[in-house]
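A closer look at the structure
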Amino acid sequence: MKTNKITLAVFAFLAFFPTISLAASYAYTPMEAIPGFGSPTDFPSYVIAIYKFGLWTIGISALLMILLGGFMYLTSAGNASQTGKAKGVITDAIIGLVLALTSWLLLYTINPDLVNFRSLSTVLDEASKTYDGTYPTIQSTMPSDCNAQEWTTLFAAAAQNTGVDQCLLQATAAIESGCNQVPNRTQGGRDCSVMQIAASENCGTTCDDLEQNPQKAIECSAKYITSCSSSLRTNTEEQKIRDIYAGYNGGCGALATSSSCVGMTNSFGNSYDKWDCPIDCGGYCPVPARTSVFLNYYNQCKNK
């Protein structure tokens, strides 16, 4: 009975563990390497490595237990008690192996991407290379930290103080850092804090200050979002939301009309901006895919 409970626990772990990999996209520095899989540099990859290691471990353990059970059976010399124990060891090993393989099969049946072990960053990279002017649909779950009471309180306070939609602020923090108060600094250390904003250039302060005062970072980012508002295409809500993040991620210059896509219109009937022109992305190639994730986070916040 105890063995069966352990086997079922392992099955549940393997069946649902991979879904965590899309729940967080922030950088992660592991303290220990995963045997056979090195030291992944982000949290989703670390989760995936643990899952793969678990599958390999179960397979090897099952093989060893079957061999042990076979040896016990051969040396039982007709002893009924020993024969029964040997059969039990072999049976439990086979059940564990079957359940592990079943977990993989269930995930593959639901969605093959769940066993292709692609992190959100990988999905975004692939989407940026195949962008043809049609905004990609990327499903991802809002990082759980962003729904914590301490963060939603800060987003609500910043929204009240700046007039910027709370869900815009929450979605920005979600895609930029996974709502990690002190994430890895990007752009050569220029962009930092939960909002990954240039502290000196846009907030007139330091990264240390913003990381110690997250509400200050959120309110500074809200003001930066507002600074690009005059360039937004607002004929549809989805276009507006995508433009808001494109301006945040690429700067207000990303919202200028593209000279490479003159005469062309996107799926919303608008002229292409620099960030979403499929002919010449002008350095904004990853932005269309990232706006899809941002839009998804925004809608999840709105639907709560």
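Going by the structure above, here's the rest.
Rules of the game
- Residues numbered from 1 in each chain as written.
- Predicted model: local features only at pLDDT ≥ 70, side-chain atom pairs only at ≥ 80, totals over all residues.
- Heavy atoms only, no water.
- Helix = DSSP H or I, 4+ residues; strand = E, 2+ residues; numbered from the N terminus.
- Expected span 1.5 Å × (residues − 1).
- Contact = heavy atoms within 4.5 Å.
- Core = buried A, V, L, I, M, F, W, Y, C linked by side-chain atoms within 4.5 Å.
- Buried < 20%, exposed > 50% of the residue type's maximum accessible area, 1.4 Å probe, protein only.
- Polar contact = N/O pair within 3.5 Å; in protein donor to acceptor, adjacent residues only side chain to side chain.
- Disulfide = S-S within 2.5 Å.
- Phe/Tyr/Trp six-rings, centres within 6.5 Å; stacked < 30°, edge-to-face > 60°.
- Arc of directions from axis to C-beta.
- Patch = residues over 30% accessible without salt bridge, like charges linked within 9 Å, V, L, I, M, F, W, Y side chains within 5 Å.
- Areas by Shrake-Rupley, 256 points an atom, 1.4 Å probe, with all protein chains shown as cover.
- Salt bridge = Lys/Arg side-chain N within 4 Å of Asp/Glu carboxyl O.

1. Examining helix α10 (residues 214-227)
The periodicity of an α-helix, 3.6 residues per turn, causes residues three or four places apart in sequence to face the same way. Across its 14 residues, α10 extends 20 Å between first and last C-alpha, which sits within 8% of the 20 Å expected from 1.5 Å per residue. Where α10 is buried, its residues contact α6 (149-162), α7 (166-177), β2 (197-198), α8 (199-203), α9 (207-212) and α11 (237-250).

2. Concerning the nonpolar core
Among the nonpolar cores identified, the biggest contains 59 residues, and I138, L169, I218, W275 and Y297 are the most heavily contacted of them. Mapped onto this core, the elements with two or more residues apiece are α5 (120-129), α6, α7, α8, α9, α10, α11 and α12 (287-303). Among the elements that line this core, the one with the most residues is α12, at eight residues. Leave out the neighbours within four places in its chain, and L169 touches F155, A158, A159, V164, M195, I218, A222 and I225.

3. Considerations on the environment of S227
As for its position among the elements, S227 is in helix α10. For S227, a relative accessible area of 43% translates into the label partly exposed. Each C-alpha atom of the pair S227 and G251 lies 9.8 Å from the other, and the pair is 24 residues apart in sequence. One polar contact links the side chain of S227 to the main-chain carbonyl oxygen of Y224, over a distance of 2.5 Å.

4. Some details on the state of the cysteines
If you walk through the whole model with that rule in mind, you get seven disulfides. Two residues share a disulfide in this structure: C146 and C179, whose sulfurs sit 2.0 Å from each other. Between C146 and C179, the disulfide has an S-S torsion of 110° and is therefore right-handed. Here C179 lies in the loop between α7 and β1 (191-192) and C146 lies in the loop between α5 and α6, a separation of 33 residues in the sequence. Residue pairing for C261: its cysteine sulfur links by disulfide to C277, the two sulfurs lying 1.9 Å apart. With the S-S dihedral at roughly 75°, the linkage between C261 and C277 falls on the right-handed side. With C261 in the loop between α11 and α12 and C277 in the loop between α11 and α12, the pair connects residues that are 16 residues apart, well separated along the chain. Residue C261 shares its accessibility class with C277, and that shared class is buried.

5. Quick notes on the side chain of N266
Relative to the helices and strands, N266 is located in the loop between α11 and α12. A polar side-chain atom of N266 sits 3.2 Å from a polar atom in the side chain of Y135. Filtering out sequence-adjacent residues up to four positions away, N266 remains in contact with Y135, R233, Q239, Y272 and D276.

6. Focus: the packing of aromatic side chains
The geometry of an aromatic ring pair comes down to the distance between the two centres and the angle between the two planes. Tallied over the entire structure, the rule returns five aromatic pairs. Summarising the aromatic geometry, the rings of W151 and F155 are spaced 6.0 Å apart at their centres and angled 25° between planes, so their arrangement reads as stacked. Of this pair, W151 and F155 both sit in helix α6, four residues apart, which is roughly one turn of the helix. Accessibility expressed as a relative area gives 0% for F155, which makes it buried. Ring centres of Y224 and Y248 lie 5.9 Å apart, and the angle between their planes is 75°; this geometry places the pair in the edge-to-face category.

7. Details of α5
Among all positions in α5, only L120, V123, L124, A127 and S128 are buried. Buried residues along α5 cover an arc of 130° about the axis, so they all sit on one side.

8. Some details on a nonpolar patch on the surface
Together, W56, I60, L63, L64 and L67 make up a nonpolar patch on the protein surface, roughly 570 Å² of accessible area in all. Checked against the element boundaries, L64 lands in helix α2 (residues 43-74).

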